[in-house]
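# Descriptive analysis of the structure
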Amino acid sequence: MRALPYRRSRATAIGATAFLMLCLPFLVLGVFFLGQKARMDLRCEPQAPCVLTRSSWLDHEEVGRYAPQDILRVEVDRSRSRRSGAAPIFRPQMETTSGVQPLAFQWTEDEAEATAFADTVRRYLTGPRTDALEVFRDDRKASLRVGSAFTGVGLAVLAVSLWLLSRTLAHRKAERAATR
């Protein structure tokens, strides 16, 4: 059995491939976290339907358009944790003829904050509706931190992979020149 000669280009090619495979999950998770639609906007015009949208750092989408008569009620949902000693958490939500729509991405431990948000929407819907209403709840800070961290690590590992690829090409060129 003949031993294969040591080739630097082969070792750096394996390293470049390994780092490339390592960077992919970080980049995918980074885009996933940055793409979480954690900002909820409710905009109501006086003679138009209310528009509920969700936004992320990368894009936004319209959840639905609701005429004021299609909004049955706005309330604060309270968690129903089965664990003993669990602190209750709250989230404002809007019940419409087409179902329940949350007005916040994340639950909060502050009942007063959730209630104030729901009261603002409730007052507008029960009032004369002569002005526009625009309220939002932005919970994208956590997804920005985590998504940026994953993306940053993924890009750093990708840079190492590209550097190893350049070293592989340089080693191959030197090996070809040595065999001539």
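Coordinates for the structure precede this section.
Residues take numbers from 1 onward in each chain, read along the sequence in its written order. Where totals are concerned, whole chains, interfaces and linings use all residues; where local detail is concerned, this predicted model gives features only for residues with pLDDT of at least 70, and gives and counts side-chain atom pairs only at 80 or more. Heavy atoms throughout the structure, all of them, feed into the side-chain values; hydrogens and water do not.

### Things to note about the pattern of salt bridges
A pairing counts as a salt bridge when a side-chain nitrogen of Lys or Arg comes within 4 Å of a carboxyl oxygen of Asp or Glu. Enumeration over the complete set of coordinates arrives at 13 salt bridges. Two residues, Arg 39 and Asp 41, come together in a salt bridge whose shortest N-O distance is 3.0 Å. Throughout this description, buried means an accessible area under 20% of the type-specific maximum (1.4 Å probe, protein chains only), exposed means over 50%, and partly exposed covers the range between. Assessed through its relative accessible area of 19%, Arg 39 is described here as buried. Residue classification places Asp 41 among the buried residues on the basis of a relative accessible area of 13%. Of the charged contacts in the structure, one is a salt bridge between Glu 61 and Arg 54, with a shortest N-O distance of 2.1 Å. For Glu 61, a relative accessible area of 29% gives the class partly exposed. Where salt bridges share partners, they join Arg 39, Asp 41, Asp 138 and Arg 140 into one cluster.

### Some details on the packing of helix H1 (residues 8–34) against helix H3 (residues 141–179)
Here the axes come from fitting lines to C-alpha atoms, over the contacting stretch only for helices, and the angles between their N-to-C directions go from 0 to 180 degrees. For the purposes of this entry, the term helix denotes a DSSP run of H or I that reaches at least four residues, the term strand denotes a run of E that reaches at least two, and both are numbered from the N terminus. Where H1 contacts H3, the axes come no closer than 7 Å and their chain directions differ by 160°. Considered as vectors, H1 and H3 are oriented roughly antiparallel to each other. Crossing hand, H1 versus H3: left-handed. Each residue belonging to the contact of H1 with H3 can be placed in one class, and the counts come to 22 nonpolar, 12 polar and 4 charged. Roughly parallel means an angle under 35 degrees; roughly antiparallel, over 145; roughly perpendicular, 65 to 115; everything else is oblique. Crossing handedness follows the turn of the near helix against the far one: under a right angle anticlockwise gives a left-handed crossing, and clockwise gives a right-handed one. Side-chain classes are defined by residue name, with Ala, Val, Leu, Ile, Met, Phe, Trp, Tyr, Cys and Pro counting as nonpolar, Asp, Glu, Lys and Arg as charged, and the others, Gly among them, as polar.

### With respect to the packing of aromatic side chains
Think of it this way: a Phe, Tyr or Trp ring, Trp meaning its six-membered ring, pairs with another when their centres are within 6.5 Å, and the plane angle makes it stacked under 30 degrees, edge-to-face over 60, tilted otherwise. Taken as a whole, this structure holds 3 aromatic pairs when the rule is applied. Where Phe 32 meets Phe 33, the ring centres are 5.3 Å apart and the plane angle is 70°; that geometry is what we call edge-to-face. Overall, Phe 33 belongs to the partly exposed group, its relative accessible area being 21%. Summarising the aromatic geometry, the rings of Phe 33 and Phe 150 are spaced 5.7 Å apart at their centres and angled 20° between planes, so their arrangement reads as stacked. Note that Phe 33 is positioned in helix H1 and Phe 150 in helix H3, a separation of 117 residues in sequence. In this structure Phe 150 comes out as partly exposed when scored by relative accessible area, which is 25%. Through pairs of rings, three or more aromatic residues link up here, namely Phe 26, Phe 32, Phe 33 and Phe 150. The ring of Phe 136 carries Arg 39 above its face, with NZ or CZ at 4.0 Å from the centroid. Here the guanidinium or amino end of Arg 140 rests over the ring plane of Trp 57, the centre of that ring lying 4.1 Å away. Over a ring means this: the NZ of a Lys or the CZ of an Arg is within 6 Å of the ring centre and within 35 degrees of the ring normal.

### A word on the sheet that holds strand E2 (residues 50–55)
Strand order in the open sheet made by the 4 strands is E3-E2-E1-E7, with antiparallel pairing throughout. In this open sheet, the two strands that pair with only one neighbour each are strand E3 (60–66) and strand E7 (133–138). Taking the axes of each pair of neighbouring strands and ignoring which way they run, one obtains an average angle of 15° across the sheet. Set on the sheet, helix H2 (residues 111–126) makes contact with strand E1 (39–44), E2 and E7; between it and E7 the angle comes to about 160°. If DSSP finds at least two bridges between two strands, the strands pair. Any two residues having at least one pair of non-hydrogen atoms within 4.5 Å are treated as being in contact.

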